[in-house]
Amino acid sequence: MALFVFNSASKMVSSPFVILHCILICVTLHCNNLAEAKMNPRPNIVLILTDDLDVSIGGMGSIFSKNVLLLLSFSVVFVASPLCCPSRASILTGKYPHNHHVVNNTLEGNCSSTAWQKTQEPETFPAFLQKHGIYQTFFAGKYLNEYGNKKAGGVEHVPPGWDHWFALERNSKYYNYTLSVNGRAQRHGQNYSEDYLTDVLANISIDFLENKSNRRPFFMMVSTPAPHSPWTAAPQYESNFPNIKAPRDPNFNVHGKDKHWLIRQAKTPMTNSSVEFLDNAYRKRWRTLLSVDDLVEKVVRKLEVRGELSNTYVIFTSDNGYHTGQFSLPMDKRQLYEFDIRVPLLVRGPNIKPNQTSPLLIANMDLGPTILDIAGYSVNETQMDGMSFLPTMTGKGNSSTWRSDVLVEYEGEGSNISDPACPLLGPGVSECFPDCVCEDSYNNTYACVRTVAQAANLQYCEFDDNEVFVEVYNLTADPFQLSNIAKSIDQEVLEKMNHRLMMLQSCSGQSCRTPGVYDSQFRFDPRLMFSSLPAFYDKHLE
């Protein structure tokens, strides 16, 4: 029994939170109830998903005890898209956004729309588990941002795949919300002991573990609101971390002069009031996570008491990252940089040795294939784009056959009319803060190849705008992405990365797992870059 942490060739960040203590319990405690494990040979699986929890700028904290350090470390995976609904859709379906077609957090962007419900929900990994009838399945918390919208079936809609369903209507809240309890509305107010959502999710989860069938393995997914805005801490934690500030990394409050126009428009330096605001938000985010710590500890201890810990995989991650002042952007996600696309991933379970880290490149769309693999099913039985990392965790994988790159996609949102507070920016911007710093726009639409290999730690991105703007970063030399090297990098590398980007943007299933530019098996064929004009280029490139 141990923790397994994925390392993606960037700095590791640690945490003061009880999450560490809880997973330490997972590592050190042993199960006494072997008879139940024999009766239930397939492992149980718990997935805990947080909301907007970054790792690059210290969202997981900065201090923890020496004893925990001996067993635990932190590192990250990459998300398929740095926004809640597309990213969560990738987790559930095991697909890139261009295959599940969820592009933003609106119904029009396919977030929990009737089209999503008809075409993608039946193909999620929980639906696969339920269909085969062996696993009992449980969900509690935030599902997709537009879940419960009356235009898409309301809270009466229970997605396929879930035997027990306790889903939040719409986006993250802490009080004054509605849960769908197996299709029936349950309204909550503002009484801490009865309504604070993170605690409610913990209690519901414990009730499930206490009352579920012991004859079948289970999959449990708990999706917390924290640390998403409005950053409402539990009363007992409202005064914690009084002196914490947003990290002043080299890219904090720095002008992104060689970046996409949306980043260049940020005002540098930020006003004192803006810096004070984001520092305060950073503290509030940490405070909400203390209740997540409580939740994790309760779940782990219940598994221990029930004698199920040794036969349970526990996975902890987030749907996307977050930024607070990087490149003078106040706070949000949606950007292509490490602080928005990297998230924590912690896993413990049977046959995982302690003190492991892995240099392999993981994407959140790999969670579905991995969970199915744990449950005894193959990703080849599905239409998923991701890969199972279970063999690597249990020491049976071959790192030489693992991918060296993943795709990150985002489709920008913007209004057709000018923001009344920022008329000089014109139409097309959204998510605007004071001082007219806008976090998104209709042409903040990009696709990136993120490469992590022995020979390279690179990011190549193209924007779908009039400029076809390109950003390239060598993260070995420039981990904070201060210098866009698109105009100075070798042309052959640019061509290969452009080729790989096009391949990944059109991939599906197995073709998403083919060798990349920095894999030894990769062969570069320029003709594939011009598939719309095959006859011309066949003639001139032979």
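The name an unreviewed UniProt entry assigns to the chain is N-acetylglucosamine-6-sulfatase, from the organism Sinocyclocheilus grahami. Its UniProt record, at the heading Subcellular location (unreviewed entry), says of the chain: "Lysosome". Note on the chain: under the UniProt heading Catalytic activity (unreviewed entry), the record states "Hydrolysis of the 6-sulfate groups of the N-acetyl-D-glucosamine 6-sulfate units of heparan sulfate and keratan sulfate."

Caption draft 1: Geometry of the sheet that holds strand β18 (residues 456–463). Taken in spatial order, the four strands of this open sheet run β14-β17-β18-β19, and their pairing is antiparallel. Strand pairing shows two members of the sheet lacking a second neighbour, β14 (405–410) and β19 (470–474), which therefore form its edges. On average, adjacent strands in this sheet sit at an angle of 15° to one another, irrespective of strand direction. Bridge count between β18 and β19: five bridges; the pairing is antiparallel. The residue of β19 that forms the bridge with Glu462 is Val470. Contacts from helix α15 (residues 491–505) reach β14, β17 (446–453), β18 and β19 within the one sheet, and its direction differs from that of β17 by about 115°.

Caption draft 2: A look at the packing of helix α9 (residues 197–211) against helix α11 (residues 272–305). Two elements in contact, α9 and α11, have axes whose closest approach is 9 Å; the angle formed by their N-to-C orientations is 10°. By the angle between their directions, the pair α9 and α11 is classed as roughly parallel. Contacts from Thr198, Asp199, Leu201, Ala202, Asn203, Ser205, Ile206, Leu209 and Glu210 in α9 reach Ser291, Val292, Leu295, Lys298, Val299, Lys302 and Leu303 in α11. Across the contact of α9 with α11, the residue classes break down as eight nonpolar, four polar and four charged.

Caption draft 3: View of the state of the cysteines. Counted under the stated rule, the structure contains five disulfides. Two residues share a disulfide in this structure: Cys507 and Cys512, whose sulfurs sit 2.0 Å from each other. One quick way to see it: the torsion about the S-S bond of Cys507 and Cys512 is about 95°, and its sign makes the bridge right-handed. Of the two residues, Cys507 and Cys512, both sit in the buried class. Across the chain, the way the bonded cysteines pair up, counted in sequence order, is 1-2, 3-5, 4-6, 7-8, 9-10. Left without a disulfide partner, Cys84 is nearest to the cysteine sulfur of Cys85, which lies 8.1 Å away.

Caption draft 4: Structural view of the pattern of salt bridges. In total, this model carries 21 salt bridges according to the counting rule given. For Asp366, the salt bridge is made with Arg403, and the minimal N-O distance between the two is 2.8 Å. Residue Asp366 is located in the loop between β13 (356–358) and α13 (367–375), and its partner Arg403 is located in the loop between α14 (390–393) and β14; the two are separated by 37 residues in the primary sequence. The pair formed by Asp366 and Arg403 is uniform in burial state, with each residue classed as buried. The shortest N-O distance in the salt bridge between Arg500 and Asp405 comes to 2.9 Å. Taken together, the positions of Arg500 in helix α15 and Asp405 in strand β14 put the pair 95 residues apart, joining distant regions of the chain. Asp405 gets classed as buried once you look at its relative accessible area, which sits at 3%. Residues joined by salt bridges that share partners form a network here, namely Asp51, Arg88, Lys142 and Asp319.

Caption draft 5: Quick look at the side chain of Asn444. For Asn444, the position within the fold is in the loop between β16 (437–441) and β17. A polar contact is formed between the side chain of Asn444 and the backbone oxygen of Arg334, at a distance of 3.5 Å. Here the side chain of Asn444 touches Asp440 through a polar contact of 3.0 Å, side chain to side chain.

Caption draft 6: The nonpolar core, seen in detail. Counting residues in hydrophobic clusters, the biggest one holds 90 residues, and the most contacted among them are Tyr96, Leu129 and Phe219. A domain-level breakdown of this core finds at least three residues from each of domain 1 (44–403) and domain 2 (410–512). Aside from chain neighbours lying at most four places away, what touches Phe219 is Ile45, Leu47, Phe125, Leu129, Tyr135, Gln136, Thr137, Phe138, Trp162 and Ile371.

Caption draft 7: Structural context of the environment of Gly183. The residue Gly183 is located in the loop between β6 (177–181) and β7 (184–188) in this model. According to the relative accessible area criterion, Gly183 is buried, its value standing at 12%. Between the C-alpha atoms of Gly183 and Val158, which are 25 residues apart in sequence, the distance is 5.8 Å. Residues within four places of Gly183 in sequence aside, it is in contact with Val155, Glu156, Val158 and Trp165.

What counts, and where the lines are drawn
Residues numbered from 1 in each chain as written. Predicted model: local features only at pLDDT ≥ 70, side-chain atom pairs only at ≥ 80, totals over all residues. Heavy atoms only, no water. UniProt positions renumbered as here; feature names shortened; annotations may be inferred. Pairing = 2+ DSSP bridges. Helix = DSSP H or I, 4+ residues; strand = E, 2+ residues; numbered from the N terminus. Axes fitted to C-alpha atoms, helices over the stretch in contact; angles between N-to-C directions. Contact = heavy atoms within 4.5 Å. Parallel < 35°, antiparallel > 145°, perpendicular 65-115°, else oblique. Nonpolar A, V, L, I, M, F, W, Y, C, P; charged D, E, K, R; others polar. Disulfide = S-S within 2.5 Å. Buried < 20%, exposed > 50% of the residue type's maximum accessible area, 1.4 Å probe, protein only. Salt bridge = Lys/Arg side-chain N within 4 Å of Asp/Glu carboxyl O. Polar contact = N/O pair within 3.5 Å; in protein donor to acceptor, adjacent residues only side chain to side chain. Core = buried A, V, L, I, M, F, W, Y, C linked by side-chain atoms within 4.5 Å. Domains from an automatic or database assignment.

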